[in-house]
Amino acid sequence: QVQLVESGGGLVQPGGSLRLSCAASKNIFSIYIMGWYRQAPGKQRELVASVTSIGVTNYADSVKGRFTISRDKAKNTVYLQMNSLKPEDTAVYYCNARSAGVDYWGQGTQVTVSS
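Residues numbered from 1 in each chain as written. Predicted model: local features only at pLDDT ≥ 70, side-chain atom pairs only at ≥ 80, totals over all residues. Heavy atoms only, no water.

**Student:** Describe in detail the pattern of salt bridges, supporting the description with residues and values.
**Tutor:** Tallied over the entire structure, the rule returns five salt bridges. Note that Arg38 and Asp89 form a salt bridge whose closest N and O atoms lie 3.0 Å from each other. Taken together, the residues span a long stretch of sequence, with Arg38 in strand β4 (residues 33–39) and Asp89 in the loop between β8 (77–82) and β9 (91–99) at a distance of 51 residues. Under the relative-accessibility criterion, Arg38 is labelled buried at 6%. Taking the shortest distance from any N to any O, the salt bridge between Arg66 and Asp89 comes out at 2.8 Å. (Salt bridge = Lys/Arg side-chain N within 4 Å of Asp/Glu carboxyl O. Helix = DSSP H or I, 4+ residues; strand = E, 2+ residues; numbered from the N terminus. Buried < 20%, exposed > 50% of the residue type's maximum accessible area, 1.4 Å probe, protein only.)

Right, here's the structure in full:
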């Protein structure tokens, strides 16, 4: 069993910053890609950012230049640094990892951007 544990969500004012963390269980031989998705009320779930096992990153157009995804392979952890946050970023953020053709998901963490 693979477990993803998310942390770092919360309430922040517009223009502020927040960093999300997602730690995968240690009993994983190979994670091909890890990423962050988000889902706002009434909206479809969308990819925010991802990073492959060789460090290739991908970002949604709406967050380019503001968000940065990074990883610590030794700790099986992926981070999402979110800067210049906007109210439109408000959503539940989900961590995702793909290993051996199987997708694993975190429990979700709420990010609220409001003054």
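**Student:** An account of the layout of surface pockets is requested, with residue identities and associated values reported.
**Tutor:** In this structure, the largest pocket spans a volume of roughly 170 Å³. Looking at the largest pocket, the residues that line it are Ile31, Ile33, Met34, Val51, Thr52, Ser53, Arg71, Asp72, Lys73, Asn76 and Thr77. Of all the elements in the fold, those that place two or more residues in the lining of the largest pocket are β4, β5 (46–52) and β7 (67–72). (1 Å grid on protein atoms, 1.4 Å probe; cavity = no way out; pocket = protein on both sides within 12 Å on 5 of 7 lines; lining within 4 Å. Points joined across faces, edges and corners; volume = space filled by probe spheres on them.)

**Student:** Residues and numbers for the state of the cysteines, please.
**Tutor:** Considering all chains together, one arrives at one disulfide under this definition. Note that Cys22 is cross-linked by a disulfide to Cys95, the S-S spacing being 2.0 Å. Where Cys22 bonds to Cys95 through sulfur, the torsion about that S-S bond is close to -85°, and the disulfide is left-handed. In this pair, Cys22 sits in strand β3 (residues 18–24) while Cys95 sits in strand β9, placing the two residues 73 residues apart along the sequence. Each of the two residues, Cys22 as well as Cys95, counts as buried. (Disulfide = S-S within 2.5 Å.)

**Student:** Now, about the environment of Ser53: what can you tell me, with residues and values included?
**Tutor:** Tracing the sequence through the fold places Ser53 in the loop between β5 and β6 (57–59). Ser53 gets classed as partly exposed once you look at its relative accessible area, which sits at 30%. For the pair Ser53 and Lys73, spaced 20 residues apart in sequence, the C-alpha separation works out to 8.6 Å. Excluding residues within four positions of it along the chain, Ser53 makes contact with Ile31, Tyr32, Arg71 and Lys73. (Contact = heavy atoms within 4.5 Å.)

**Student:** So, the sheet that holds β8: which residues are in play, and what are the values?
**Tutor:** Ordered by their spatial adjacency, four strands build an open sheet running β1-β3-β8-β7, and the pairing between neighbours is antiparallel. Strands with a single pairing partner mark the edges of an open sheet, and in this sheet they are β1 (4–7) and β7. Adjacent strand axes in the sheet meet at a mean angle of 15°, parallel and antiparallel pairs treated alike. As judged from the four bridges shared by β1 and β3, these two strands associate in the antiparallel manner. Bridge pairing in β3 links Val5 to Ala23. (Pairing = 2+ DSSP bridges. Axes fitted to C-alpha atoms, helices over the stretch in contact; angles between N-to-C directions.)

Shape is all these values report; function is a separate question.
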